[in-house]
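Each chain, written out:
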Amino acid sequence: MNQIRLYDTTLRDGSQAEDVSFLVTDKIRIAQKLDELGIHYIEGGWPGSNPKDIAFFKDIKKVSLSGAKIAAFGSTRRAKITPDKDNNIRTLIQAEPDVVTIFGKTWDFHVHEALRISLEENLELIYDSLAYLKEHIGEVIYDAEHFFDGYKANPAYALKTLQAAQEAGADCIVLCDTNGGTLPYELPAIIAAVKKSVSTPLGIHAHNDSECAVANSLVAVENGIVHVQGTINGFGERCGNANLCSIIPSLVLKMESPCVADEQLKSLRGVSRYIYELANLVPNKHMAYVGNSAFAHKGGVHVSAIQRHPETYEHVRPERVGNVTRVLISDLSGRSNILAKAEQFNINLDSKDPVTLEILEDIKELENKGYQFEGAEASFELLMRRALGTIRPYFSVIGYRVIDTKRHEDEKTLSEATVQVKVGGRIEHTAAEGNGPVNALDHALRKALENFYPQLKEMRLLDYKVRVLPAGKGTASVTRVLIESGDKMERWGTVGVSDNIIDASYHALIDALQYKLLKDQGR
Ligand SMILES: CC(=O)SCCNC(=O)CCNC(=O)[C@H](O)C(C)(C)COP(=O)(O)OP(=O)(O)OC[C@H]1O[C@@H](n2cnc3c(N)ncnc32)[C@H](O)[C@@H]1OP(=O)(O)O
Ligand SMILES: CC(=O)C(=O)O
């Protein structure tokens with residue numbers, strides 16, 4: 001297999017995704033992460049587009065990268081002017097990148113409709129722009145925009161555009177599936193025709209509009225392409241770009257193409273999450289290889305088998321990409337799920353112990369009532385320990401009251417909660433306000449308990465999700481509340497279900513507090 005060069009365009013094409021926008025400082029930090037991951041080319045942006053991208057190319061010069069080359073992106077020159085007069089081409093040179101990548105038109109339809117120039121003139125644009133850039137920048141890459149659509153519409157012309165790029169000295173010609181509509185079976189014949197027509201090393205740049213961007217990139221590699229463009233997490237215009245988080249492990253682990261080192265591959269999940277964090281987006285848990293669910297087993301049959309041998313339901317070892325095997329608890333669980341969780345929580349449990357079956361039955365019954373333990377592992381651990389009788393009763397709540405008051409139409413609603421808790425032999429009665437009834441209840445509970453357990457001051461309520469579950473036959477609808485809490489060390493999820501939203505929240509809050517006390521005690 002050829003040595004594959006990875007070209008990341010998260011900072012350029014990835015930023016063209018809806019909801020993605022990076023600050024210059026984010027872009028610098030991402031470039032450093034991509035360099036550590038072993039990416040060979042990092043496309044930092046389009047300096048002719050905006051001041052932020054110009055600033056990136058200035059700032060990245062102050063950063064020492066271990067191996068990655070920085071590429072600046074732009075287009076072929078405008079019609080009717082020479083490259084030296086073209087602002088876009090001038091800014092590319094002024095950015096002083098290691099590499100310049102420009103895109104040009106391949107599809108005759110685009111030449112007529114988007115540029116509104118003649119086919120011959122477009123060939124001149126491609127040739128002039130690349131030849132001029134090559135005089136100023138050591139390495140020049142040509143992105144043949146809409147190559148596959150162009151080839152299907154007018155193969156002779158599409159190939160002529162590539163020949164113009166080759167004659168101008170392009171170091172790599174990248175075949176772009178810009179509209180993302182090409183299917184994997186179409187690639188081999190088209191790539192074979194290209195190889196007969198040009199000898200320049202070839203690359204692939206695939207979009208995901210038919211959900212085939214990764215497949216197309218891998219098929220391209222199988223057919224001799226040596227340069228693969230993509231983005232981390234598949235960020236990109238419309239449905240996104242080819243996801244490097246899927247391409248890289250497939251190349252290394254399945255296609256004998258060690259494009260990054262084993263240690264670098266182990267950082268892949270971390271890089272994925274880092275970039276989600278800087279993009280301020282929630283990670284897609286179902287992403288192949290790096291998603292939270294990529295190695296999460298829910299069905300009892302699967303859990304039973306992976307405990308005997310992980311490869312029964314895992315296509316690669318998750319550690320290779322920095323991920324872990326997870327076992328989920330739900331009404332699809334069997335005894336194996338319960339035993340796997342017990343091991344994770346350091347609880348001694350035997351498959352023959354009647355408590356195992358009791359816990360399993362409790363789970364199925366509770367899920368039927370609306371509980372969901374997948375996002376509430378702390379509640380599940382408490383449930384297990386309660387069933388085994390190994391949990392200390394840290395406190396009990398004698399009662400609570402929550403009042404919402406709005407004294408005047410223009411005034412904010414005031415929420416106030418009072419609680420009575422018992423710890424050991426002592427009873428504490430407190431009141432607190434909050435910006436909502438659940439917030440007031442949370443404050444009042446902590447205020448009452450913090451005198452006994454000062455460590456609760458470290459705890460924060462991080463997320464609060466409510467779902468009203470539809471009524472079943474002969475039953476009223478119920479509310480499920482999932483709470484995520486955390487301290488400096490850990491985050492944990494708890495669940496409460498009731499036909500009353502405050503009561504459901506109360507149960508989730510109580511579990512959150514009890515879990516904090518349990519874990520701090522060291523189980
Ligand atoms: C497939 C891809 O992803 S390509 C990258 C797409 N990314 C972006 O567009 C993001 C950055 N773009 C921008 O900041 C702006 O569009 C700019 C600065 C590049 C251009 O802005 P404007 O000059 O205002 O033009 P506008 O965006 O309205 O239209 C695009 C222009 O580029 C021209 N153009 C498009 N492709 C090419 C090309 N390959 N070569 C030369 N010119 C091109 C179009 O003909 C049009 O020019 P015209 O209006 O003079 O005919
Ligand atoms: C160049 C590019 O981004 C594309 O053709 O999709």
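Fair warning: this is a prediction, and the values are worked out from it, not measured in the lab.

K.L.:
Residues and numbers for the pattern of salt bridges, please.
P.N.:
Per the stated rule, a full pass over the model turns up 31 salt bridges. Note that R386 and D511 form a salt bridge whose closest N and O atoms lie 3.0 Å from each other. Pair noted here: R386 is in helix α16 (residues 377-388) and D511 is in helix α18 (residues 501-520), with a separation of 125 residues, a long-range link. With relative accessibility at 10%, the residue D511 sits in the buried group. Overlapping salt bridges, with partners in common, bring together E458, D487, K516, K519 and D520 in one network.

K.L.:
Any details on the sheet that holds strand β16 (residues 491-498)? Residues and values, ideally.
P.N.:
With antiparallel pairing, the three strands of this open sheet are ordered in space as β14-β15-β16. Strands at the two margins of the open sheet, each flanked by one partner only, are β14 (460-469) and β16. Across this sheet, the average inter-strand angle for adjacent strands is 15°, counted without regard to direction. Bridge count for strand β15 (residues 478-486) against β16 is eight bridges, and the pairing is antiparallel. If you follow E484 over to β16, its bridge partner there is G493.

K.L.:
Outline unusual backbone geometry, supporting the account with residue identities and numerical values.
P.N.:
Note: most peptide bonds trans; most residues except glycine with negative phi. Here the phi dihedral of K80 falls at roughly 75°; this positive angle occurs in a residue that is not glycine. Note that K80 resides in the loop between β3 (69-75) and α3 (87-94). With a relative accessible area of 69%, K80 lands in the exposed category. For E96, which is not a glycine, the phi torsion comes out positive at approximately 50°. Within the secondary structure layout, E96 lies in the loop between α3 and β4 (99-105).

K.L.:
An account of the site of ligand 2 is requested, with residue identities and associated values reported.
P.N.:
Near ligand 2, the surroundings consist of R12, D13, D143, E145, C176, T178, H205 and H207. Within the side chain of D13, an N or O atom sits 3.1 Å from an oxygen atom of ligand 2. At a separation of 3.1 Å, an oxygen atom of ligand 2 approaches a polar side-chain atom of H207. For ligand 2, the protein covers 94% of the area, taking 210 Å² as the surface of the free molecule. Tallied by class, the residues present in the shell around ligand 2 amount to one nonpolar, three polar and four charged.

Cut-off values and rules
- Residues numbered from 1 in each chain as written.
- Chains lettered and ligands numbered in written order.
- Predicted model: local features only at pLDDT ≥ 70, side-chain atom pairs only at ≥ 80, totals over all residues.
- Heavy atoms only, no water.
- Salt bridge = Lys/Arg side-chain N within 4 Å of Asp/Glu carboxyl O.
- Helix = DSSP H or I, 4+ residues; strand = E, 2+ residues; numbered from the N terminus.
- Buried < 20%, exposed > 50% of the residue type's maximum accessible area, 1.4 Å probe, protein only.
- Pairing = 2+ DSSP bridges.
- Axes fitted to C-alpha atoms, helices over the stretch in contact; angles between N-to-C directions.
- Near = heavy atom within 4 Å.
- Polar contact = N/O pair within 3.5 Å; in protein donor to acceptor, adjacent residues only side chain to side chain.
- Areas by Shrake-Rupley, 256 points an atom, 1.4 Å probe, with all protein chains shown as cover.
- Nonpolar A, V, L, I, M, F, W, Y, C, P; charged D, E, K, R; others polar.

Spatial relationships are all this shows, so hold off on functional conclusions.
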